[in-house]
Amino acid sequence: MGLQTWGHLQSGKSRKEDTSPAGALNPLVPLSPEQVKAFEMEIIPANRVVAQIGETLVLTCNSTGCASPSFSWRTQMDNPLGGTVNNHRTYSTLTMNPVSIVNSHHYLCTVFCGEKEKKEKSIKVELYSFPSDPVIEISPSLVAGEPVSVLCKIPDVYPSDRLEVLLKKEEHVLHEENFYTDDSTNTETKTVKYSFTLTAEDIGKEITCVAKLPIANMDFEPKERVASQKLNANFGPQNTVITASPGSSPMEGDHLKLTCVTESNPPPQIVWRKHLADESIQHLVENNVLSIPHARSTDSGLYICEVINLVTNKTEKATVDIVVQGVPSIAELSIEPSTTVQEGENVSIHCSAESNPPPKIILRRKSDRADMGSYSDRRILLLPSVTFLNSGDYECVAENKFGKTESAITLNVEYGPKNTMISVIPANTVKEGETVTMKCTSSGNPAPVISWKKKKATGESEKISEDATLIVQNVKSQDLGLYECEAYNQFGKEEKVVKLLVQVPPQNITVLVYPSENVKEGENVTITCSTYSNPPSQMVLKKVHQENEIILPSVNGTFILYNVTKNDTGRYLLDVFNEVGNNIKVIDIAVVGRLEKTDQMIPLIIAFSCVTAVAVPVVAIWIYVSRKAKINGSYSLVKALRLKV
């Protein structure tokens with residue numbers, strides 16, 4: 001009759017669980033009454049157990065056909081169990097965690113059913129330890145031509161008297177060793193050592209340590225463990241080269257990658273440097289790869305890869321000349337001594353550009369669009385004794401076959417006021433009551449401050465405005481005179497003058513008749529007229545309602561009637577006028593009686609008296625004027641002498 005029992009071996013390491021009935025972790029479900037035929041017991045596994053030291057082992061003793069069995073565990077020699085017993089209703093377990101050398105016994109499980117019945121079975125636990133691959137150590141540091149020792153360590157092996165070790169170089173066996181005579185009773189790390197002289201041909205070859213634990217009739221895996229290590233030697237650096245991607249002449253904007261490749265053991269220290277134009281060396285990075293994500297023309301130059309082996313104390317260098325091609329870049333565009341200068345200073349404009357191939361450079365004033373001299377890789381434009389005309393934008397144009405680049409800079413020339421001008425609207429001669437606008441403009445840097453002054457009668461100037469535009473509304477006669485515009489900045493001042501003339505029609509007319517308006521025949525009558533006007537007024541005197549009308553002009557407002565007669569009695573009109581307007585005064589003269597004089601015909605004599613700074617002799621003339629004679633704007637003595645009826 002079959003009994004249901006189980007045993008279980010657990011490892012501390014990760015292992016696939018045994019899902020067979022013998023390896024089940026949970027107790028079996030009790031059999032049904034129909035299946036129980038007799039009292040039986042069983043230990044799983046039935047014959048022997050192979051366990052690795054350090055793992056966990058569970059032995060299970062199971063009974064059937066007994067309602068209340070009792071269990072007992074012991075070793076064949078009554079040694080300590082070396083485990084923990086757990087009794088259950090129909091089975092008992094002995095757990096060894098971890099398995100150690102003391103568990104190498106025959107274990108006996110006894111099952112009692114009541115007082116009379118008992119059954120017992122035993123199982124042998126056999127132990128081994130072969131937990132990990134060998135460890136190879138090669139010492140000292142390998143240098144070709146010197147002796148080298150190879151150590152192969154097999155950790156925690158048991159039983160060591162079954163251990164076999166083989167050392168190989170590639171497929172060539174260097175050394176074999178076994179431990180058959182070893183009498184160790186516990187796990188031990190065993191070591192195999194072999195020495196030989198390293199040759200150059202050995203570099204890179206593989207040393208292999210093969211450890212075997214061939215125990216007959218013990219089912220475990222693996223029974224063979226292998227470890228390998230390549231022979232290494234300290235050498236180099238040697239054969240150092242630099243590779244450039246995409247090449248040593250990349251385009252501007254390319255991702256430039258410089259890789260330093262060398263042969264060296266141990267791996268060397270790699271330092272990148274760049275040889276600068278001033279003969280100095282720029283330290284870059286300590287890496288075998290120098291990466292420049294966006295190459296520019298300034299990245300061109302000689303790059304140095306320096307390789308250092310700190311063990312062999314050797315150094316090797318490799319260089320590559322990088323030339324970044326592309327559109328020129330403006331390296332410098334400047335103005336000396338400054339972008340803002342004063343008129344009269346000497347100025348130089350500097351422009352330089354960089355590219356490969358070298359650029360053609362044009363330096364010019366932006367408005368001129370004309371080349372300033374021959375091309376070179378560096379241009380200087382000299383402007384001696386600058387004037388305000390040199391102000392403006394200057395551009396540097398650098399061009400090669402890949403394209404061109406432009407950059408501009410502004411020269412600011414400061415100077416005092418120039419070209420000061422006055423404009424008068426509608427004109428500098430206006431009529432009284434009109435509005436006149438006087439605008440003053442001036443160039444200068446900084447922009448001039450403009451003010452207005454007016455000359456007084458005393459000759460002094462009075463400031464009347466601090467605006468560029470002066471507006472005089474409803475012009476009056478007192479507004480005429482000299483107006484002065486002054487343009488000023490910290491570099492000087494400039495003045496301009498305009499004369500404003502105000503035209504005024506005759507006004508404030510005063511007429512004096514001497515000796516009076518009632519005179520006797522033969523007397524002289526002097527008529528004097530004074531007025532204010534601009535331009536100066538002209539005056540004519542005529543007698544109305546006279547068949548032979550006589551029109552008499554005046555000189556400086558004075559009329560003289562010599563030896564008047566009764567025929568001179570009447571109304572006279574005094575017309576005072578200029579181009580702006582006129583005013584008429586009426587004079588009534590009455591001639592009565594007669595002076596006691598020779599009766600003769602005395603013509604009308606008119607004398608012109610000049611009241612000016614220059615004396616003019618009084619002239620008596622006969623004037624015969626035609627009826628309705630006309631004066632057009634001004635009086636001419638010559639014309640008057642020619643007018644006859």
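See the structure printed just above.
This structure is a prediction, so every number in the text was calculated from the model and none was measured.

Student: An account of the nonpolar core is requested, with residue identities and associated values reported.
Tutor: Counting 28 residues, the largest nonpolar core has Ile-154, Leu-163 and Phe-196 as the members making the most contacts within it. For this core, the secondary-structure elements that each account for two or more residues are β10 (135–139), β11 (147–157), β12 (164–169), β14 (188–197) and β15 (206–212). Ranked by the residues each element gives to this core, the list is headed by β11, at five residues. Not counting chain neighbours up to four residues away, the residues in contact with Phe-196 comprise Glu-146, Pro-147, Val-148, Val-150, Lys-169, Leu-174, Asp-202, Ile-207 and Leu-231. Of all hydrophobic cores here, the second largest spans 23 residues; its members include Phe-39, Ile-53, Cys-61 and Met-96.

Student: How would you summarise the sheet that holds strand β17 (residues 235–245) if you had to cite specific residues and measurements?
Tutor: The antiparallel open sheet is built from three strands, whose spatial order is β17-β18-β21. The sheet is open, and its two edges are formed by β17 and β21 (289–292), each paired on a single side. Each strand of the sheet is rotated relative to its neighbour by a mean of 10°, with strand direction disregarded. Where strand β18 (residues 256–265) meets β21, four bridges bridge the pair, whose relative direction is antiparallel. Its bridge partner being in β21, Thr-259 is matched across the sheet by Val-289.

Student: Explain the environment of Ile-509 to me, using residue names and the numbers behind them.
Tutor: Note that Ile-509 resides in strand β37 (residues 492–514). Looking at Ile-509, the relative accessible area reads 14%, which means it is buried. When the C-alpha positions of Ile-509 and Ser-533 are compared, they lie 9.7 Å apart, and in sequence the two are 24 residues distant. Aside from chain neighbours lying at most four places away, what touches Ile-509 is Cys-529, Ser-530, Thr-531, Val-576, Asn-583 and Lys-585.

Student: Can you explain unusual backbone geometry? Please cite residues and give values.
Tutor: Following Tyr-514, the chain continues into Pro-515 via a peptide bond in cis, with omega recorded as 5°. For the bond running from Asn-534 to Pro-535, omega is 0°, close enough to zero to count as cis. A positive phi angle, close to 50°, is found at Asn-563, a residue other than glycine. Tracing the sequence through the fold places Asn-563 in the loop between β42 (558–562) and β43 (570–577).

Each value, and the rule that gives it
- Residues numbered from 1 in each chain as written.
- Predicted model: local features only at pLDDT ≥ 70, side-chain atom pairs only at ≥ 80, totals over all residues.
- Heavy atoms only, no water.
- Core = buried A, V, L, I, M, F, W, Y, C linked by side-chain atoms within 4.5 Å.
- Buried < 20%, exposed > 50% of the residue type's maximum accessible area, 1.4 Å probe, protein only.
- Helix = DSSP H or I, 4+ residues; strand = E, 2+ residues; numbered from the N terminus.
- Contact = heavy atoms within 4.5 Å.
- Pairing = 2+ DSSP bridges.
- Axes fitted to C-alpha atoms, helices over the stretch in contact; angles between N-to-C directions.

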